[in-house]
Amino acid sequence: RVVCNTNINEAIGKHLEMSSASSKEGFIVKSKGRHTTIRSIKLFDDTGKNTDQYIPGSTFRMEIHFATDGTRDMSIELFLTDTNQTRLAIGSLHQLNGVSLPETPGNYVCKLQLQPMWLATGSYNLDIATSRINASWDHQIDRALTFHVPFSNPKGLAWDLNYSDGYGAFAWLAQDKSDIVFLPAVKSE
């Protein structure tokens, strides 16, 4: 509950600040894998500020803090999910980028920048896992990061592509200007 003796805009701002604090602060690790421990995952905006919002079309910037015992052939996997935990996308250090975790034991930070997405307005989660490449999962944390997309229209138009409206999770843009060509009527015989 938020009690605020000021104007409505300040009250809404305070509520948003309080509700996003848990997402921005990360999580407390209560488990670990056999070879790795995921310590935290954070999302950053274009200015490098920790955030719980993603602006469609911008680079998806994260920091993943983890520990490893140096076991060979380990990877970090990310799963983008909606509020129903439906997997919408995968990001993988090894399977999609050819990178494995270090073979020297220790604590590390992976500064990861993923290509821009045109996500619809809504709330999303990132599940994170470490894995033995093509063998087994090591450490998994579901809903490790929750973030929100406040508005989505790739061309800046007024219509908001909102995931809850059922039109999809992503905007799919034409590569170039669409050509619409007039076809003359065909005479029937």
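Above this text sits the structure in question.
Below you will find a few notes about this structure. (Residues numbered from 1 in each chain as written. Predicted model: local features only at pLDDT ≥ 70, side-chain atom pairs only at ≥ 80, totals over all residues. Heavy atoms only, no water.)

### Overview of the pairing of strand 3 (residues 60-68)
The criterion, for reference: Think of it this way: DSSP has to see at least two bridges between two strands before they count as a pair. Each helix corresponds to a stretch of at least 4 residues labelled H or I by DSSP, and each strand to a stretch of at least 2 residues labelled E; elements are numbered beginning at the N terminus.
Across eight bridges, the pairing between strand 1 (residues 36-44) and strand 3 is antiparallel. Bridging across to strand 3, Lys42 finds its partner in Glu63. Both strand 3 and strand 6 (residues 106-114) contribute to a ladder of nine bridges, which runs antiparallel. Paired with Arg61 across the bridge in strand 6 is Gln113.

### Structural notes on the sheet that holds strand 8 (residues 136-149)
For the record, the criterion: Inter-axis angles, ranging from 0 to 180 degrees, are taken between N-to-C directions of lines fitted to C-alpha atoms, where helices are fitted over the stretch in contact.
Strands sit in the order 5-4-7-8 across an open sheet of four strands; the sheet is antiparallel. Whereas interior strands pair on both sides, the edge strands pair on one side only; in this sheet they are strand 5 (87-92) and strand 8. In this sheet, adjacent strand axes meet at a mean angle of 20 degrees when their direction is disregarded. Judged from the five bridges that link them, strand 4 (residues 74-81) and strand 5 form a sheet pairing that is antiparallel.

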